[in-house]
Amino acid sequence: MFENKENFKEQYLERFKEVTGESFEEGSMQEKYNVLASLIMKYAGTYMADTKSRMDQDNNQKRVYYFSMEFLIGKLLIMNLHNMGIYKIVGDGLKDLGVDIRDLENIEVDPGLGHGGLGRLAACFMDSLAFLNIPAVGMGLRYRYGSFQQKIVDGQQIELPNRWLHNGYPWEIKKSSKSEIIKFYGNVKVEKIEDSLQFIHENYEAVTAVPYDIPQIDFDSDDVNYIRLWSAENAYGFDLTSFNNGDYLQAVKNKANVEAITHVLYPNDSNYNGRLLRLKQQYFFVSAGLKSIIRRYQSNNDDFDKLADKIQIQINDTHPSLVIPELMRILIDEEGFDWDYSWNLVTNVCSYTNHTILTEALEKWPIEMIEKLLPRVYLIIEEINRRFVENALPIEKDKKMRNSILRDGVVHMANLAVIGSKSVNGVSELHSDIIKNETFKELYELYPWKFNSKTNGVSHRRFLMKANPYLRELLNETIGDEWEKEAEKLKKLEKYSQGKDLSEELYNAKRKNKERLAKYIKEKQNIDIDVDSIFDIHIKRIHEYKRQLMNVLHIIHLYDKIKHEGMEIHPRTFIFSGKAAPSYNIAKKIIRLINSLADIVNNDKKVNKYLKVVFLENFSVSLAELLYPAADVSEQISTASKEASGTGNMKFMMNGALTVGTLDGANVEIYERVGEDNIFIFGLKSEEVINYYNNGGYCSFDVYNSNSDLKNAVNHLVDGFFYEDIGEFQEIYDNLITHNDTYFVIKDFEAYMKAQKEIEKTYRDRKLWFDKVLKNIAESGYFSSDRTIKDYDREIWKVKK
Ligand code: NBG
């Protein structure tokens, strides 16, 4: 590709002229970025084509298809350069041309095709699949506006469209010739042909699904996987008749309706149309993805017997679970197979990962809605359910009735996913136990062999090697660079440290990252941050179970002590970032609360030498890459049992932050690895929380009355402490005190305060602190998504021999 930087410069400048028709000096930064990306894509495209034909020749190798509503891929320029092994050549070449590669990265958009951990996990998985040379395709949706762009105005969240496609997106390749037709609505006609029944879907509305492929360039080899994102286009072309009749609105109405399918991620589903649109999105990409998979399979195979040996589908949460009836439909209606043969294939191809036990996320669709939108698919779901319930042995019958897919007028998608999959997994050991013993208890009793656990992981290539060059360098100097390809080799660090003290070096690397972040905060919000303060960071979706509120109450408490009792603490900077779902009012109030608190704390001369509070707007993968490396303290304080795994916890750990957390999700496994001395664990355990939910016995009002520090902090929500209208935070107060504190904030507060005191004490001893940091980094290799993907492959997909 590029032999050296001179050769790179030559190709780059040549390409620049070809594409822009201008000289390099005249070009804008946007053009410089676009041209660089297009040059890399030229090679990526070639690799992708070569990989495909190699795989086809190789007796059409088995492939994994990862179906996900979200792929939070982050910026690609620097990752791709790293993964192609040309980062240095290109960086140096650009420098010669007077361009800083970081400035080009700043121009790049961060697509934001996801909302949180589930979407970032999908992207980390694609990264690891490519690294491990497991042929894989991610199937998703190409949302025109992705997740909303969050602005904070007067302390409150405002949602704006994220126009990530505005300047074109250089990393995708449109594949119009691979488009598929997707059918909605209409009716099903049944005909008897010879001995069998034929189901004919008539009078449907057709929508064209056009794929855009984003190559996943692998680290250190020429193989390229890709993410295929489907975009909705009008199947009937332009309505020229209406247009010529002067009805311009009518002419574009159909087009607008169709394109709405891939406009936004998670349309507001608090109303019927929003829910309908979401269901449409799900079927749209499931059907398009499956059709393209089957088409490819058929071009390489004469029959379907080997389907499960060539194709493995992972269903990422319930959103794509229509894969199960849709694949049945294709096999039966389009390929002419009987039910049993088809069911056997489907249940050997599909696997389901559950990512949450929150009931709000276990999707249920009104029967009437599915029946109308997807008449044939609905018939198949009915039949799956009939066979599930009616073919039950007498001793299973009651259990099966209780777990019927069709109950109370709705279709239970999670039950469909469990029944139609060969494997069902949770995303941490604790979460997998909870789904076995609580969420899917009876389904587990029926199908114990299906259930397993796959602890999440994160791409250490992105979140350590790319995000934290200072630490990377230090690690490479200390233990060599083997860990880059085999993250578990980070363990070497521990052995090394027994002979030598690394705390100063670790401190220095951390300080540089803190400076980098402080500079960003100064630029964005004009707040001066003390880089010697403890950076205490809480970044994730804003949700009551994640308990940003508990963190806030603790800060209010510190404020009171410093202000009124002259308490002195080691300076601390509390940083928050995260989005609230647009219709989640309490979460939005919490954002406002954080910002109101920031106003008070940051402007109080007596307090602000000790405390600062910052809310950074529009949390994204790129912002996260700036935050993890700068953290001293990682806030992982969810109500035990609620956080399925968490992946931020792993990214912080890898970057040398210490966790303050509950024994929830993957925190448990971090705790087991680093040992109790190297993590700050507090609060109720999962069994205790579940026990309170099931049997009662907790009264938040009593706890509130028994602890004056807590009481003072909570009272500030409603006693005029905040400038806002005194009622602004009443609802938050009521949830804690009047509605008995569903998320146990009050209950865990005292233990949290204690853990925070311990942090303060430990941080004052630099050697002690950084020894713990070192232990965390050394143990973080287990949480590389490379390990997770190897586990999935060994136990579920079996692609690698
Ligand atoms: C999230 C969980 C996290 C988990 C990620 C990835 C959803 C529905 N679930 O705890 O809340 O780490 O999935 O598995 O976004």
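Right, let's walk through the structure included here.

Rules and cut-offs
Residues numbered from 1 in each chain as written. Predicted model: local features only at pLDDT ≥ 70, side-chain atom pairs only at ≥ 80, totals over all residues. Heavy atoms only, no water. Helix = DSSP H or I, 4+ residues; strand = E, 2+ residues; numbered from the N terminus. Rg over C-alpha atoms; globule rule 2.2 N^0.38 Å. Buried < 20%, exposed > 50% of the residue type's maximum accessible area, 1.4 Å probe, protein only. Contact = heavy atoms within 4.5 Å. Areas by Shrake-Rupley, 256 points an atom, 1.4 Å probe, with all protein chains shown as cover. Lys, Arg positive; Asp, Glu negative; His and termini not counted. Charge placed at Lys NZ, Arg CZ, Asp CG, Glu CD. Pairing = 2+ DSSP bridges. Core = buried A, V, L, I, M, F, W, Y, C linked by side-chain atoms within 4.5 Å. Near = heavy atom within 4 Å. Polar contact = N/O pair within 3.5 Å; in protein donor to acceptor, adjacent residues only side chain to side chain. Salt bridge = Lys/Arg side-chain N within 4 Å of Asp/Glu carboxyl O. Axes fitted to C-alpha atoms, helices over the stretch in contact; angles between N-to-C directions. Parallel < 35°, antiparallel > 145°, perpendicular 65-115°, else oblique. Nonpolar A, V, L, I, M, F, W, Y, C, P; charged D, E, K, R; others polar. 1 Å grid on protein atoms, 1.4 Å probe; cavity = no way out; pocket = protein on both sides within 12 Å on 5 of 7 lines; lining within 4 Å. Points joined across faces, edges and corners; volume = space filled by probe spheres on them. Patch = residues over 30% accessible without salt bridge, like charges linked within 9 Å, V, L, I, M, F, W, Y side chains within 5 Å.

## A short note on the overall build of the protein chain
Each helix and strand counted, the protein chain has 35 helices and 23 strands in total. The C-alpha atoms of the protein chain give a radius of gyration of 27 Å, which matches the 28 Å a tight globule of 801 residues would have. Along the first, second and third principal axes, the C-alpha atoms of the protein chain reach 90 × 70 × 65 Å. Evaluated residue by residue, the protein chain yields a buried proportion of 61% over its 801 residues. At a minimum sequence separation of 6, the contacts of the protein chain that also span at least 24 residues come to 76%. Here the protein chain has roughly 31300 Å² of accessible surface; of this, 47% comes from carbon and sulfur atoms. Here the protein chain contributes 105 positive and 121 negative side-chain charges, whose respective centroids are spaced 1 Å apart.

## Comments concerning the sheet that holds strand E13 (residues 364–366)
The strand order E13-E15-E14 describes an open sheet built from three strands, whose pairing is antiparallel. The open sheet has two edge strands with one neighbour each: E13 and strand E14 (406–407). Where E13 lies against strand E15 (residues 410–412), three bridges are found, and the strand directions are antiparallel. Note on E15: the bridge partner recorded for lysine 364 is histidine 412.

## Examining the nonpolar core
Counting residues in each nonpolar core, the largest one holds 142 residues, and the members touching the most others are Phe67, Trp171, Phe184, Phe284 and Ile313. Counting residues per element, this core draws most heavily on helix H9 (residues 272–300), at twelve residues. Discounting residues that sit within four places of it in the chain, phenylalanine 67 has contacts with Met139, Phe285, Val286, Gly289, Leu290, Ile293, Ile313, Gln314, Ile315, Asn316, Pro320 and Val323. Leu471, Ile556, Val689 and Trp769 belong to the second largest nonpolar core, which has 116 residues in total.

## With respect to the sheet that holds strand E20 (residues 611–616)
As summarised here, the arrangement of the six strands in space is E20-E19-E18-E21-E22-E23, forming an open sheet in which the pairing is parallel. Each edge of the open sheet is held by one strand with a lone partner, namely E20 and strand E23 (680–681). Relative to E20, strand E19 (residues 572–577) runs parallel, the two sharing six bridges. Within E20, the position partnered with phenylalanine 574 by the bridge is valine 613.

## Some points on the site of the ligand
Near the ligand there are 15 residues, and of these His355, Asn456, Glu643, Ser645 and Gly646 occur at the shortest range. Between an oxygen atom of the ligand and a side-chain N or O atom of histidine 355, the distance comes to 2.6 Å. In the model, an oxygen atom of the ligand is placed 2.8 Å from a nitrogen or oxygen of the asparagine 456 side chain. When the ligand sits alone it has 380 Å² of accessible area, and the protein chains cover 91% of it.

## Overview of the pattern of salt bridges
Here the structure, examined in full by the defined rule, presents 61 salt bridges. The closest approach of N and O atoms between aspartate 536 and arginine 572, which form a salt bridge, is 2.6 Å. One end of the pair, aspartate 536, is in strand E18 (residues 534–539); the other, arginine 572, is in strand E19, and 36 residues separate them in sequence. This pair shows no difference in class: aspartate 536 is buried, exactly as arginine 572 is. One salt-bridge network, held together by shared partners, links Arg102, Glu105, Arg462, Lys466 and Glu625.

## Regarding the packing of helix H23 (residues 503–525) against helix H34 (residues 766–779)
Two numbers describe how H23 lies on H34: the axes approach to 9 Å, and their chain directions differ by 80°. What the angle tells us is that H23 and H34 run roughly perpendicular. On the side of H23, the interface is formed by Ser503, Glu504, Leu506, Tyr507 and Lys510, while H34 contributes Arg766, Lys767, Phe770, Val773, Leu774 and Ile777. Within the contact of H23 with H34, the residues separate by chemical class into six nonpolar, one polar and four charged.

## Comments concerning the layout of surface pockets
Of the volumes computed, that of the second largest pocket is approximately 560 Å³. At the level of secondary structure, the elements contributing two or more residues to the lining of the second largest pocket comprise helix H16 (413–420), helix H17 (429–439), helix H18 (441–446) and helix H29 (686–695). Of the residues contributing to the lining of the second largest pocket, the split by class is ten nonpolar, eight polar and eight charged.

## Some remarks on a nonpolar patch on the surface
On the surface, a cluster of nonpolar side chains totalling about 610 Å² of accessible area is made up of Phe238, Leu240, Phe243, Tyr248, Leu249 and Val252. Contributing elements (two or more residues each) for the nonpolar patch: helix H7 (240–244) and helix H8 (248–259). In terms of residue count, H8 provides more of the nonpolar patch than any other element does, three residues in total. Overall, leucine 249 belongs to the exposed group, its relative accessible area being 67%.

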